[in-house]
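Below are the chains, spelled out letter by letter.
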Amino acid sequence: MDDLGLRVPLGPGPVRRVVSLVPSLTEAVAATAPGLLVGVTDWCSHPADLAATRIGGTKNPDVRRITALAPDVVIANDEENRRPDLDALRAAGLPVWVTDIRTLDQAFGSLHRLLTTACGLPRPAWLDAAEAAWADLPPRPAPRRAVVPIWRRPWMVLGRDTFAGDLLRRLGVQVVHADHPDRYPAIPLPELLACEPELVVLPDEPYRFAGDDGPEAFPGVPAALVSGRHLTWYGPSLVRAPGVLAAQLARARPGATPD
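## A word on helix α5 (residues 125–135)
Move 1: By the burial criterion, the buried members of α5 are Trp 126, Leu 127, Ala 130 and Trp 134. Looking straight down α5, one finds its buried side chains confined to an arc of 105 degrees; they lie on one side. Of the exposed residues in α5, those oriented more than 90 degrees away from the buried face are Ala 125 and Ala 135.
Move 2: Buried residues along α5 sit against α1 (23–32), α4 (104–118), α6 (163–170) and α9 (241–250).

Next up, the structure:
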């Protein structure tokens, strides 16, 4: 049963061919057993030397190309991938394992099940290291109320029930819109400014905020430009994420730039 409680018809033999439709899950499998990956999306950027067939984007995977790769399992995410695409893959006779990750604890549990149950691999050392890194956080600083944009034109921000919001909470950031009915609400800039945030957190993905693109919209508000991969990816990047994000948040200032 995957994270959605759906039965996945895995074969009786070991999994030897995996297609990943999620960049962070691609990195998780590559760091554990790179030889399994036969297909990945155009957005799968880690590891840099990844050698696998590109099968399109996360929102428009090429079902025929994936089917031709004859994977033992296709791994996906409920938020990242579209259900009609996943249904088409199932209709083509492919087992599809869907993850659903909205908190750090869910990430650890989901990754363990994906790698050990779906892929039949030993639990990787990097997963233990990631759990240890987040369990050993220094005392949490006084929380700062923050607006966390993920897009502009229109402005969209983190809302309720998000993985990135949970990571920020653990690092002493109170997401202003954490109680919003929507997970990624579109809110006009004047309304964001009216919230009088103490901090604006600007990741470099999905929108690539930068020192000259983002902080200027929040005059007088300290801006932290942070690594989107360390804020939103669930996989080996979680080992370094606490240190990377804490350092970038500590350097918040108008015009700051990430590492």
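## Description of the packing of α4 against α5
Move 1: Remark: α4 packs on α5, axes separated minimally by 11 Å, with the N-to-C direction vectors making an angle of 170 degrees. One way to sum up the angle between α4 and α5 is to call them roughly antiparallel. Between α4, through Leu 104, Phe 108, Leu 111, His 112 and Leu 115, and α5, the contact on the second element is made entirely by Trp 126, Leu 127, Ala 130, Glu 131 and Trp 134.
Move 2: For the contact of α4 with α5, the per-class residue count stands at eight nonpolar, one polar and one charged.

## Description of the pattern of salt bridges
Move 1: On inspection of all chains with the given rule, the structure shows 17 salt bridges.
Move 2: In this structure, the salt-bridge partner of Asp 87 is Arg 90, at a minimum N-O distance of 3.0 Å. Here Arg 90 and Asp 87 lie together in helix α3 (residues 83–91), a separation of three residues that amounts to about one turn.
Move 3: Taking the shortest distance from any N to any O, the salt bridge between Asp 161 and Arg 160 comes out at 3.6 Å.
Move 4: Relative accessible area serves as the criterion here: at 32%, Arg 160 is assigned to the partly exposed category.
Move 5: Each of the salt bridges in this network shares a partner with another, and the network as a whole consists of Asp 100, Arg 102, Arg 160 and Asp 161.

## Observations regarding the pairing of strand β2 (residues 37–40)
Move 1: Sheet topology places strand β1 (residues 18–20) next to β2; two bridges connect them, and they run parallel. Bridging from a neighbouring strand, Val 18 pairs with Leu 37 of β2.
Move 2: The parallel pair β1 and β2, bridged by α1, forms a crossover whose chirality is right-handed.
Move 3: With two bridges connecting them, β2 and strand β3 (residues 53–54) associate as parallel partners. Bridge assignment links Val 40 to a residue of β3, and that residue is Arg 54.

## Thoughts on the packing of aromatic side chains
Move 1: Tallying each qualifying case throughout the model produces five aromatic pairs.
Move 2: Ring centres 6.0 Å apart and planes at 15 degrees place the aromatic pair Trp 155 and Phe 209 in the stacked group. Of the two residues, Trp 155 is situated in the loop between β7 (149–151) and β8 (156–157) and Phe 209 in the loop between β10 (199–203) and β11 (223–226); the sequence distance between them amounts to 54 residues.
Move 3: Owing to a relative accessible area of 3%, Phe 209 belongs among the buried residues under this scheme.
Move 4: Arranged with centres 4.6 Å apart and planes meeting at 50 degrees, the rings of Tyr 207 and Phe 209 form a pair that is tilted. With respect to burial, Tyr 207 and Phe 209 carry one shared label: buried.
Move 5: Members of the aromatic cluster, connected to one another through ring pairs, are Trp 151, Trp 155, Tyr 207, Phe 209 and Phe 218.
Move 6: When the ring centre of Trp 233 is taken as origin, the NZ or CZ atom of Arg 229, which lies over that ring, is 5.7 Å away.

Calculation rules
- Residues numbered from 1 in each chain as written.
- Predicted model: local features only at pLDDT ≥ 70, side-chain atom pairs only at ≥ 80, totals over all residues.
- Heavy atoms only, no water.
- Buried < 20%, exposed > 50% of the residue type's maximum accessible area, 1.4 Å probe, protein only.
- Helix = DSSP H or I, 4+ residues; strand = E, 2+ residues; numbered from the N terminus.
- Arc of directions from axis to C-beta.
- Contact = heavy atoms within 4.5 Å.
- Axes fitted to C-alpha atoms, helices over the stretch in contact; angles between N-to-C directions.
- Parallel < 35°, antiparallel > 145°, perpendicular 65-115°, else oblique.
- Nonpolar A, V, L, I, M, F, W, Y, C, P; charged D, E, K, R; others polar.
- Salt bridge = Lys/Arg side-chain N within 4 Å of Asp/Glu carboxyl O.
- Pairing = 2+ DSSP bridges.
- Right-handed = clockwise from strand over helix to strand, strands pointing away.
- Phe/Tyr/Trp six-rings, centres within 6.5 Å; stacked < 30°, edge-to-face > 60°.
- Lys NZ or Arg CZ within 6 Å of the ring centre and 35° of its normal.

Any link to function would need more than the numbers given here.
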